[in-house]
Amino acid sequence: MQTGKNDIIIFLLVTTIIILLLTGLIIMLIYLYKKKQLSYQQTVDALKLDHEKNLMAAQLEMQEDTFQHISREIHDNISLSLTLAKLHLNTLNLDQLAQASFQVNSSIDLISKSINNLSGISKSLNSDIIGSQGLIKALENEIQRIRETGLFSIELCVTGEPAYMETKKELIIFRIVQEAFNNIIKHARASRCKLALHYDSNALNIEINDDGVGFDLVSEVIRQHKNKAGLTNMETRTKMIGGQMQIESKKGLGSILKFTIPF
Amino acid sequence: MRWPFKIWERQYYLEPLLVFVLCIALLISLKQRKKYKILRWMPIYIVSLMVVYASGSFIDKKQHPFFLRICEYIDYAFTTIELVIFSIFYYQFIANLIVKRLIIFLNIGFCLFSFYLFFSENGFYRSPSQTIKSTVYTVEGVILLAISLYYFIELFKKPFNLNLKNDPVFWISAGVFFFFACTLPYSLLENFINRNYYELFDPFYSIFYIFYILLFLMIIRAYLCKPEKMI
């Protein structure tokens, strides 16, 4: 009887302990698994938030750049022309008709030039053309505007079958190309520039090359990273639309910018 | 006043500890009753268990057959209340419709089964059989064990982005799972021990006290969870 009693005690205690350990193990495993899952999800959410913050910062930067571009254009070209026109008209002497006629004609030319410049700025900033006529037409207009400045010769080459892309994406591509042209105008001292667009089956390949002074890629990237402008800007915009950017440049040998933008 | 201490001594003083934990659980459940709607039935569960132990203590003092019978009926009614309350608790958040219907079916089936056993027993008007109580309790335990196990399977499979540390459902399910799994061997052998080793009945019943204390500590922990802020 005593043996039976002891057997019962041992059996119940051992069974209870084993079941307790098993249930504890099951619950602990589930708890740790869900904790790991939650931690992973929080990491993904943090990365997404970070990415959105970067996108927003890039968009604000683009806005600032646009305002600066407008400000520069107005100051460098339009303001100067209108000031000169005002000077001509202020110093008009109706007693000397020949000179007065020359001054009036000059003023008219300067005001016309200002109107054209304003019109050019307006067209380059207006994104409606992208929505109404597409990327290629917008780029043709931009190239024509640059040709009219006479700073360098510029050529556009489109190959492949143009594919549909969202207006927002085309607008960002247009701004990237515009930024590249602005850099060539400001820094490259180029005589020739070529813009090549190649549409393949799943991506748009863009190549912009010039025969300008080129630059040392490493030091330029470091400088621009500190100033948050130019190449870094273009790279950010390219990444925003899921694309890749490649730069090839050497001092004295010009530059080639290559972009691959998936549809 | 020596009588409760004699009984408590046999069960290693776990009964007063359980009553203490029950009192704290009741206070917290009443204070925080608006915090989590899914826990709104817990105060009823806590009070009904308190009634069971109060009646048990009263019987231990009086030792009258009539009061013994009343105590047995209270114990039996508590088993049903326990199953219904936890079934309602799980019914609220289990997503699978088939399992939800199964919970309802099992509850109805359990009530019918237990009433059948209860009324079919000879000597109904004298005292409910210990066999009935043990069988009913074991079936109740298996049902709740299966439901809580299904909850954990669902929790594991679903891509919840929930912090389990602050999830009251997890804590209560863990308590239920621990309690019914660990007391199952005892409830299966209860009649055998009662018939052949009656002197072991009280010490082994302390297993129930230990796991009830654990269950109510988990319920208290569930009430102390901070609600997750939804953005």
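A brief structural summary. Every chain is numbered on its own, with residues counted from 1 as its sequence reads. In the order they appear in the text, chains get letters beginning with A and ligands get numbers beginning with 1. In keeping with the predicted nature of the model, local features appear solely for residues at pLDDT of at least 70, side-chain atom pairs appear and are counted solely at 80 or more, and the whole-chain, interface and lining totals rest on all residues. With hydrogens and water excluded, all non-hydrogen atoms of the structure serve as input to the side-chain values.

1. As for the interface of chain B and chain A
Then comes step 1: Contacts between chain B and chain A engage 29 residues on the former and 22 residues on the latter.
Then comes step 2: Buried area adds together the accessible area that both of two parts lose upon being put together, with accessible area traced by a 1.4 Å probe. Considering only the side of chain B, the residues that lose the most area to chain A are Phe156(B), Phe178(B) and Tyr197(B), jointly responsible for 21% of the buried surface there.
Then comes step 3: Put simply, a salt bridge is a Lys or Arg side-chain nitrogen that is within 4 Å of an Asp or Glu carboxyl oxygen. Counting across the chain B and chain A interface gives zero salt bridges.
Then comes step 4: Here a polar contact means two N or O atoms within 3.5 Å. Within protein one must be a hydrogen donor candidate and the other an acceptor candidate, and residues neighboring in sequence count only if both atoms are side-chain atoms. The interface formed by chain B and chain A contains one residue pair in polar contact (both at pLDDT 80 or more).
Then comes step 5: We count a stretch as a helix when DSSP gives it H or I for four or more residues in a row; a strand needs E for two or more, and each element gets its number in order from the N terminus. Breaking the side of chain B that touches chain A down by element, the ones donating at least two residues are α6 (130–157), α7 (168–196) and α8 (201–223) of chain B.
Then comes step 6: Among the elements that make up the side of chain B that touches chain A, the one with the highest residue count is α7(B) (12 residues).
Then comes step 7: Think of it as three bins: nonpolar holds Ala, Val, Leu, Ile, Met, Phe, Trp, Tyr, Cys and Pro, charged holds Asp, Glu, Lys and Arg, and polar takes everything else, Gly as well. In the side of chain B that touches chain A, the residues fall into 23 nonpolar, three polar and three charged. In what follows, residue pairs with any heavy atoms lying within 4.5 Å of each other are defined as contacts.

2. Overview of the packing of helix α4 (residues 135–149) of chain A against helix α5 (residues 167–188) of chain A
All names here are of chain A.
Then comes step 1: Viewed as axis vectors pointing N to C, α4 and α5 meet at an angle of 20°, and their least axial separation amounts to 10 Å. The angle between α4 and α5 places the two elements in the roughly parallel class. Relative to α5, the crossing made by α4 is right-handed. Taking contact as the criterion, the partners of Leu135, Ala138, Leu139, Glu142, Ile143 and Ile146 in α4 are, on α5, Glu170, Ile173, Phe174, Val177, Gln178, Phe181 and Ile185.
Then comes step 2: Residues of the contact of α4 with α5, tallied by class, amount to 10 nonpolar, one polar and two charged. Here an axis means a line fitted to C-alpha atoms, over the contact stretch when the element is a helix, while the angle between two N-to-C directions is reported on a 0 to 180 degree scale. Each angle gets one of four labels, with under 35 degrees taken as roughly parallel, over 145 as roughly antiparallel, 65 to 115 as roughly perpendicular, and the rest as oblique. Crossing chirality is assigned from the near helix's rotation relative to the far helix, an anticlockwise turn below a right angle marking it left-handed and a clockwise turn marking it right-handed.

3. What to know about the side chain of Asn107(B)
Residues and elements named next belong to chain B.
Then comes step 1: By the element assignment, Asn107 lies in helix α5 (residues 97–120).
Then comes step 2: One polar contact links Asn107 to Ser87, side chain to side chain, over a distance of 2.8 Å.
Then comes step 3: In this structure, Asn107 is in contact with Leu83, Val84 and Ser87, ignoring residues within four places of it in sequence.

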